[in-house]
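Chain by chain, the residues run as shown.
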Amino acid sequence: MLHIQTISLVQFKNYTRQDFRFQQRIVGITGRNGSGKTNLLDAIYYLCFTRSYFTSSESQNTQYHTNGFRIEGLLEKQGQEEKIVCTVKDGKKEVSLNDEKYDRFSRHIGQFPAVMIAPDDAEIILGGSEERRKWLDTLLSQLYPDYLEHLIVYQKILLQRNSLLKNIAATGQHQDSLLDVFDQQLVQHGIPVFEQRKAFLTAFIPQVQQLYDFISGTHEIVNIRYQCTLQEEDYATQLNTARYKDLQLQRTTAGIHRDDLLFLLNEHPMKNSASQGQRKSFLFALKLAQFEVIRQHKQFAPLLLLDDVFEKLDQERVMRLISLVASDSYGQVFITDTHAERLQHSFEATGQTIQLLKI
Ligand SMILES: Nc1ncnc2c1ncn2[C@@H]1O[C@H](COP(=O)(O)OP(=O)(O)OP(=O)(O)O)[C@@H](O)[C@H]1O
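Cut-off values and rules
Residues numbered from 1 in each chain as written. Predicted model: local features only at pLDDT ≥ 70, side-chain atom pairs only at ≥ 80, totals over all residues. Heavy atoms only, no water. Pairing = 2+ DSSP bridges. Helix = DSSP H or I, 4+ residues; strand = E, 2+ residues; numbered from the N terminus. Contact = heavy atoms within 4.5 Å. Axes fitted to C-alpha atoms, helices over the stretch in contact; angles between N-to-C directions. UniProt positions renumbered as here; feature names shortened; annotations may be inferred. Buried < 20%, exposed > 50% of the residue type's maximum accessible area, 1.4 Å probe, protein only. 1 Å grid on protein atoms, 1.4 Å probe; cavity = no way out; pocket = protein on both sides within 12 Å on 5 of 7 lines; lining within 4 Å. Points joined across faces, edges and corners; volume = space filled by probe spheres on them. Nonpolar A, V, L, I, M, F, W, Y, C, P; charged D, E, K, R; others polar.

> Just to check I follow, could you spell out the sheet that holds strand β1 (residues 2-12) for this structure?
Strands in a sheet are paired, the pairing made by backbone hydrogen bonds, and the direction either parallel or antiparallel. Within the open sheet, the six strands sit side by side as β2-β1-β4-β5-β6-β7. Their pairing is antiparallel. Edge strands, defined here as strands with exactly one partner in the open sheet, are β2 (15-21) and β7 (100-101). One ladder, built from six bridges, connects strand β5 (residues 80-89) with strand β6 (residues 92-97); its direction is antiparallel. By the bridge assignment, V85 is partnered in β6 with S96. The sheet strands contacting helix α1 (residues 37-49) are β1, β2, β4 (68-77), β5 and β6, and the helix crosses β1 at an angle near 115°.

So this is what it looks like as structure tokens:
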């Protein structure tokens, strides 16, 4: 079991200094627009991922006119007390677990799994391919530390290769042997990422379908098509064939950094044809399937952070969703809403009690 008991915020976004105690499995966070509900969810997310869900800019997380922030959380994981502290001061970030500082934040990832569902998630469907890769990478990194390691090295080599391509263009000097070394390293770290993405998606799609059926109460067919050039041709050959083009464009055109996922509803791309409610139902199915996969893998439920779920879903879908996340097979659930009564009644209708925090 994973349960966050308290969180203390100092200068994190709109919180100057505030402590929260979470006493129940289901915690409702209510308050007016702009009162800081999403920011509190994000602080919890930050403890789990050493970063905000919404922004990679620490200055946006820091309260206006201050030079840093601090988030401290006390958690219980499988019967053990755990303390996580994240601080940013004058642009320098530190994260510690039980007072031991991490030398690399990536070591923290996956230990305290969490799934956030937020309105901005529509970007996973509507935005560019990097949004979909980011979603998949965050998920797989929580499951497989090796995946994250390969990805980090791959991205580092990619940057080096791209700057070499620019350098060659600027100086006119051939550097084929150095490019060969980079190509070899891209292959070494890119292929495991490709294999993991492919295997994962194959097993994942039926789970998304099952949850989509449940939430929507329909039998529309959802699908995720993995688009990667490595499916068609050996990566080393591709890099070799693309080298001339890469030299012209001064960037690496082949590889897993260009992967995309095509989301389909009844075989049509969701981006163009699905309604807002269908898209939202799909995103819930996607995220709750993610939750299931993590739970099966870790043998305990991740934290579930639900932001503004009532928007754009009809009453029936909302109730099916609430009945699912309220069930005992889920772990600790945090849910925001501007209407305290709506939140309370929705959960009480399922026979569960909810702690209401008004902020
Ligand atoms: N760096 C910052 N420093 C101080 N305040 C900030 C900072 N970043 C955001 N805010 C404030 O936080 C508030 C937004 O909080 P949040 O998004 O958590 O609101 P919310 O309760 O989820 O609102 P809604 O119901 O509209 O979704 C805004 O008032 C914004 O001005």
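Resuming the write-up.
> Even after reading the chapter, I still don't get the UniProt feature "domain: RecF/RecN/SMC N-terminal" (unreviewed entry) in the protein, so can you show me in this structure?
In the numbering used here, UniProt assigns the "domain: RecF/RecN/SMC N-terminal" (unreviewed entry) feature to residues 4-345. Summarising residues 4-345: 48% helix, 22% strand, and an end-to-end C-alpha distance of 24 Å.

> What exactly am I supposed to notice about the UniProt feature "binding site: ATP" (unreviewed entry) in the protein here?
Mapped onto this structure's residue numbering, the UniProt feature "binding site: ATP" (unreviewed entry) falls at G31, R32, N33, G34, S35, G36, K37 and T38. On the secondary structure map, G31 appears in the loop between β3 (26-30) and α1. In contact with G31, not counting residues within four places along its chain, are K37, D337, T338, K358 and I359. Relative to the helices and strands, R32 resides in the loop between β3 and α1. Among residues more than four places away in sequence, those in contact with R32 are K37 and T338.

> Teacher, can you tell me more about the side chain of S96 here?
Relative to the assigned elements, S96 resides in strand β6. A relative accessible area of 11% places S96 in the buried class.

> Got a minute to help me understand the layout of surface pockets in this structure?
Remark: the empty space left among the atoms is shown by a probe the size of a water molecule rolled over them. Space inside the largest pocket adds up to approximately 920 Å³. Lining the largest pocket are 38 residues, with Y45, R51, K134, D137 and T138 sitting closest to its centre. Residue assignment for the lining of the largest pocket shows that the elements contributing at least two residues are α1, β8 (114-117), α3 (122-126), α4 (129-143), α5 (145-171) and α9 (276-298). Considering each element in turn, the lining of the largest pocket owes the most residues, eight residues, to α4. Residue classes in the lining of the largest pocket are distributed as 16 nonpolar, 11 polar and 11 charged. Its boundaries defined by the atoms lining it, the second largest pocket holds a volume of some 240 Å³. As for the second largest pocket, its lining consists of 16 residues, of which P119, A122, K280, L283 and K312 are closest to the centre. Of all the elements in the fold, those that place two or more residues in the lining of the second largest pocket are α3 and α9. It is α9 that provides the largest number of residues to the lining of the second largest pocket, a total of five residues. Looking at the lining of the second largest pocket, its residues break down into eight nonpolar, one polar and seven charged.

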